[in-house]
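Fold and geometry: a report
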Amino acid sequence: MRLAIVGATGAVGRTMLEIVVERGFPADDLRLFASERSAGTKVDTPWGKIEVEDLAVSDPAGVDIALFSAGGDRSRRFAPAFAAAGAVVVDNSSAFRMEPDVPLVVAQVNDHAVSDRPRGIIANPNCTTMDLMMAAGPLHRLAGLSSLVATSYQSVSGSGMRGMDELLRQTDALRVDPESLQKGGWEDPGAEVYKRPIGFNVIPFAGNETDLGYTDEEWKLVNETRKILESPSIRVEPTCVRVPVMVGHGIAATLRFDRPVSLDEARAALASAPGLQLWEDRIPTPLDSAGIDDVLVGRLRATIGEPGGINLWVVGDNLRKGAALNAVQIGELVAAGA
Ligand SMILES: NC(=O)c1ccc[n+]([C@@H]2O[C@H](COP(=O)([O-])OP(=O)(O)OC[C@H]3O[C@@H](n4cnc5c(N)ncnc54)[C@H](OP(=O)(O)O)[C@@H]3O)[C@@H](O)[C@H]2O)c1
């Protein structure tokens, strides 16, 4: 079985390689792809020193499973060619997520969807939606999710290596004059990735503006939730916020159901859900989630304004479960015959 990682030099692609090695992915051989900028670079792996290939001039013949994480344009252009050459593509971009003939899969939530893939492509959900679905999925199975009000607190690694570089650079620039951060007069550190400074700040806007004043990240939360939970009528109210955190997306959510759900029922459903840790004695934060596979859920409370719903906080490593780990888990399902 030959595995390929496309976008292997990026924040997600590097994490994919780490996870493939950690979990002993059943591959006999590995190919790595990126842009012409990285082509020729050699990467040490358990399969030997592997040279990164230029995706634009590559021949996908012989690849059985391809984990794509090189951006939507590359997925649109190259994923169909990999699939036509016989590979099952697991695509981490948003290019195919809402296509009706492409399954959108959160491993451990809707694994059954993997096997229905007429185009040979399986989509990996958006990182924020993914982490939230790990908690919303078991509660939906319990009582039918009818509405979801969700505010995300998204880390800068959600914008790749460039996002992390921008946070570090702006933090260094702004900390030189701490008084200006308290009293005003700070000097604009200059931004390339975000519209406003992210160092020592919070930006209530993640993604790009699209319809009705919502960002594309917010629409992903709406549409992908409905597709993954196979319930087009779920009402979702999303707000996506960028915070000065390196890794780990948090989501504060209010969930309402087809019938009232008690705290004990919700606790039992979440405590037994795979890939999820329910923290009741400690407060789960992005720093706790960074570098681990499980998604953490805490601050579990019964709704007070209108009883019968659940308020909770979910936090997960956006590079692992939010992206790379889930893609590898889907690859494992395919490798096992799904
Ligand atoms: N970061 C997250 O939390 C997250 C979560 C879910 C989904 N995603 C999605 O995953 C994808 C990658 O994100 P990332 O955070 O890893 O980004 P990143 O750190 O910027 O890495 C991008 C990768 O794509 C490659 N690439 C860029 N242009 C290319 C081209 N023209 N041809 C071939 N390869 C090219 C890069 O190769 P070079 O090094 O050669 O430039 C690099 O390997 C995006 O679609 C993103 O939306 C990210």
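Look a little higher up for the structure.
What comes next is a walk through the structure. Remember, predicted model here, so these are calculated numbers, not experimental data.

Turning to unusual backbone geometry, a few remarks are in order. Outside of glycine, negative phi angles account for most residues, and trans bonds account for most peptide bonds. Non-glycine residue leucine 212 carries a positive phi angle of around 60 degrees. Phi angles above zero are rare outside glycine, and glutamate 230 is one such case at about 55 degrees. Counting through the fold element by element, glutamate 230 comes out in the loop between helix H6 (216-228) and strand S10 (235-242). Assessed through its relative accessible area of 52%, glutamate 230 is described here as exposed.

What follows covers the packing of helix H1 (residues 11-22) against helix H9 (residues 320-335). Each packed pair of helices is defined by two parameters, the angle between the axes and the distance between the axes. Interhelical geometry of H1 versus H9 gives an angle of 50 degrees and a closest axis separation of 9 Å. As judged from the angle between their axes, H1 and H9 are oblique. The hand of the H1/H9 crossing is right-handed. In this structure, H1 uses Val12, Thr15, Met16, Glu18, Ile19, Val20 and Glu22 to contact H9, whose residues at the interface are Arg320, Ala323, Ala324, Leu325, Ala327 and Val328. Residue composition of the contact of H1 with H9, by class: nine nonpolar, one polar and three charged.

With respect to topology, six strands assemble into an open sheet ordered S10-S9-S11-S14-S13-S12, the strand pairing being mixed. The open sheet is flanked by S10 and strand S12 (276-278), the only strands paired with a single partner. On average, each strand axis in the sheet is tilted by 20 degrees relative to the strand beside it, whichever way the strands run. As judged from the seven bridges shared by strand S11 (residues 249-257) and strand S14 (residues 310-316), these two strands associate in the antiparallel manner. Along S14, the bridge assignment pairs histidine 249 with glycine 316. Relative to S10, H6 is tilted by about 140 degrees, and along the sheet it contacts strand S9 (145-154) and S10. Contacts between helix H7 (residues 263-271) and the sheet are confined to S12, strand S13 (295-302) and S14, with S13 contributing the most and set at about 175 degrees to the helix.

Now for the packing of aromatic side chains. Evaluation of the coordinates by the stated rule reveals four aromatic pairs. Ring geometry for phenylalanine 33 against phenylalanine 82: centres 5.5 Å apart, planes inclined by 85 degrees, an arrangement best described as edge-to-face. Note that phenylalanine 33 is positioned in strand S2 (residues 29-34) and phenylalanine 82 in helix H2 (residues 72-84), a separation of 49 residues in sequence. We classify phenylalanine 33 as buried; its relative accessible area is 0%. Judged by centre distance (5.1 Å) and plane angle (90 degrees), the ring pair of phenylalanine 68 and phenylalanine 82 falls under edge-to-face. Highlighted residues: phenylalanine 68 in strand S6 (residues 65-68) and phenylalanine 82 in helix H2, separated in sequence by 14 residues.

Further remarks concern the pattern of salt bridges. For the structure shown, the criterion picks out 16 salt bridges. As a salt-bridge pair, arginine 2 and aspartate 29 come within 2.8 Å of each other at their nearest N and O atoms. Taken together, the residues arginine 2 in strand S1 (residues 2-6) and aspartate 29 in strand S2 connect sequence positions 27 residues apart. A relative accessible area of 28% places arginine 2 in the partly exposed class. With a relative accessible area of 26%, aspartate 29 lands in the partly exposed category. Residue glutamate 280 pairs with arginine 267 through a salt bridge whose shortest N-O separation is 2.9 Å.

Once that is clear, we can look at the site of the ligand. Lining the immediate environment of the ligand, one finds 26 residues, of which Thr9, Ser35, Arg37, Ser38 and Ser157 sit closest. At 2.8 Å, a side-chain N or O of arginine 37 approaches an oxygen atom of the ligand. Take serine 69: an N or O atom from its side chain is 3.1 Å from an oxygen atom of the ligand. Notes on the ligand: free accessible area 900 Å², of which the protein chains cover 79%.

Turning our attention to the pairing of S6. In S6, alternate side chains face the same way, and those of Ile65 and Leu67 on one face and Ala66 and Phe68 on the other are all buried. Note that S1 and S6 share four bridges and pair parallel. Bridge pairing in S6 links alanine 4 to alanine 66. Where S6 and strand S7 (residues 88-91) come together, four bridges link them in parallel fashion. Paired with leucine 67 across the two strands is valine 90, which belongs to S7. Taken together, S6, H2 and S7 constitute a β-α-β crossover, and its handedness is right-handed.

In this section: the sheet that holds strand S8 (residues 121-123). Taken in spatial order, the six strands make up an open sheet running S5-S2-S1-S6-S7-S8, and their pairing is parallel. Each edge of the sheet is formed by a strand with only one pairing partner; in this case those strands are strand S5 (53-54) and S8. In the packing of H1 onto the sheet, contacts are made with S1, S2 and S6, and the angle to S1 comes to roughly 155 degrees. Across the sheet, H2 touches S1, S2, S6, S7 and S8, and the angle it forms with S6 is around 175 degrees.

So, how was this worked out
Note on numbering: residues in each chain are counted from 1, in written sequence order. Confidence filtering applies because this is a predicted model: local features only for residues at pLDDT of at least 70, side-chain atom pairs given and counted only at 80 or more, and all residues used for totals across whole chains, interfaces and linings. Side-chain measures were taken over the full set of non-hydrogen atoms in the model, leaving aside hydrogen atoms and water. Helix numbers and strand numbers start at the N terminus; a helix is a DSSP run of H or I with at least 4 residues, a strand a run of E with at least 2. Partly exposed describes any residue whose relative accessible area lies between the buried limit of under 20% and the exposed limit of over 50%, with all areas from a 1.4 Å probe on protein chains only and scaled to the type maximum. The convention used is that axes are lines fitted to C-alpha atoms, helices contributing only their stretch in contact, and that angles between N-to-C directions extend from 0 to 180 degrees. Note on angle classes: values under 35 degrees are labelled roughly parallel, values over 145 roughly antiparallel, values of 65 to 115 roughly perpendicular, and the remainder oblique. The hand of a helix crossing depends on one turn: near helix anticlockwise from the far one by less than a right angle means left-handed, and clockwise means right-handed. Contacts were defined at the residue level, with two residues in contact if any of their heavy atoms lie within 4.5 Å. Here the nonpolar group is Ala, Val, Leu, Ile, Met, Phe, Trp, Tyr, Cys and Pro; Asp, Glu, Lys and Arg are the charged ones; every other residue, Gly included, is treated as polar. Pairing between strands is defined by DSSP: at least two bridges between the two strands are required. Pairing of aromatic rings covers Phe, Tyr and Trp, the last through its six-membered ring, and needs centres within 6.5 Å; plane angles under 30 degrees mean stacked, over 60 mean edge-to-face, and all others mean tilted. Should a side-chain nitrogen of Lys or Arg be within 4 Å of a carboxyl oxygen of Asp or Glu, the pair is scored as a salt bridge. We call a residue near a molecule or strand as soon as one heavy atom of that residue lies within 4 Å of the molecule or strand. Counting of polar contacts relies on pairs of N or O atoms within 3.5 Å, with two restrictions inside protein: one atom must be capable of donating a hydrogen and the other of accepting it, and residues adjacent in sequence are counted only when both atoms are side-chain atoms. The method behind every accessible area is Shrake-Rupley, applied with a 1.4 Å probe, and residues are considered shielded solely by the protein chains displayed. By convention, orient the strands away from the viewer: a clockwise path from the first strand over the helix to the second makes the crossover right-handed.

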